[in-house]
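As a plain string of letters, each chain reads:
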Amino acid sequence: MFADLRYPIETPPAPGKTIEVAPGIKWLQMPLPFALNHINLYLLDEGDGWTIVDTGICDEGVQKIWEDIFAGELDGKPVKRVIVTHMHPDHIGNAGWLCRRWGVELYTSRTEFYYARGLMADRSEGFQDDALRFYVRGGIDQKILDEIRQRGFGNYHTMTGTLPLGYRRLIDGETMTIGDRVWQIITGSGHSPEHVCLYNADLDILLSGDQVLPRITSNVSVHPMEPEENPMKYWLESHEKFKSIPATAFVLPSHNRPFYGLHDRLDYLIYHHEDRMDALEEACVEPKMAAELLGVLFKRELDSFQMMLALGECFAHLHCLMDRNKIVRTLDDNGMYRFQTVDAAKIDHHEHDKRDDAPIMV
Ligand SMILES: [Zn+2]
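No experiment lies behind these values; they were computed from the predicted model shown. (Residues numbered from 1 in each chain as written. Predicted model: local features only at pLDDT ≥ 70, side-chain atom pairs only at ≥ 80, totals over all residues.)

### Notes on the overall build of the protein chain
Reasoning step 1: Scanning the protein chain from terminus to terminus reveals ten helices and 15 strands.
Reasoning step 2: Looking at the protein chain as a whole, 42% of its 362 residues qualify as buried.
Reasoning step 3: Intrachain contacts of the protein chain at a sequence separation of at least 6 include 69% that bridge at least 24 residues. (Helix = DSSP H or I, 4+ residues; strand = E, 2+ residues; numbered from the N terminus. Buried ≥ 20, exposed ≤ 12 C-beta atoms within 10 Å, placed from the backbone. Contact = placed C-beta atoms within 7 Å.)

Put into structure tokens, the structure is as follows:
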């Protein structure tokens, strides 16, 4: 039921090159300095120029590859605008540079734009107390806390260049005309707050960003900036919403390869997160701290950075269970949360999958 994805293109484009994946739509890749080593970007032919969708992290190496693309892959036509799906640095990193390079405007949703500008303004050293308290409450031990504190929090600007002052707002439910094609704007939430996707019915193509990825699972985390949020609820609702797009759609994602099998993938991701929540409910028959539950979700040993991401994911699942009245939370005298299943008698004990991959930021 879940493995029915089809990847029509075997080999990704080489650095500085593109592959035409549909009439007037080119796929390119940029390197990332993470375990996940690439991001997919797309060029949409407007007739007299190009629209860029997502931009890569801001560094000289990526910008040099962009120059190769400009020299060899644009058929002598200019870039006319830049669309960004969401505010993560691998997507928005070069947006400002590209807009200035070509004298064009940035298009994205309002929340993503201002979230990015907010993070760009944060040049704080180390961790503020309220941010550190978030990890203390999760039950992270002192040694890991010290490492987290040392790493600091305000490092978004190291991968994101200066953004344009202004932008053009993309709104869910509206359309955007690019060349002679009309694209529906569909936003999702959970991985980032107002993630933009674009669907063209004539081509039956979805530009899905990180909202729908075929192989890896997008990070859905509670963050210290919004410590009581319930992103998993919105993530699952978004998956149901995206089923309004035809199952036949050719999906152009930001990572892995373009694929067919949209509805199968959405169904699998819903199953995956529900199964993780079932596993947490089982594990919390006796009260547990969030840090004690990471082994329920992840097979492998996690370093301090991965533990930060994993704890955010763990909170995301726990908060969704709290919202469903399946789990309750108490704060102990040491300032740590404990989570306990509400109705242990109702639990149907069974095997759960653990994730074999480390949590990743994108
Ligand atoms: Zn992302």
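### Section: unusual backbone geometry
Reasoning step 1: Even without a glycine there, the phi angle at D54 is positive, about 70°.
Reasoning step 2: Residue N256 is not a glycine yet carries a positive backbone phi of 65°.
Reasoning step 3: Relative to the elements of secondary structure, N256 occurs in the loop between β12 (250–253) and β13 (259–260).

### Quick look at the domain arrangement of the protein chain
One frequent convention defines the size of an interface as the accessible area lost when the parts assemble.
Reasoning step 1: Per the domain assignment, the segments of the protein chain are domain 1 (19–125 + 154–271) and domain 2 (129–151 + 274–346).
Reasoning step 2: The gap between the C-alpha centroids of domain 1 and domain 2 is 30 Å.
Reasoning step 3: Opposite the 13 residues of domain 1 that make contact, domain 2 presents 14 residues.
Reasoning step 4: Here the side of domain 1 that touches domain 2 gets three residues from one element, more than from any other, and that element is helix α7 (residues 231–242). (Domains from an automatic or database assignment.)

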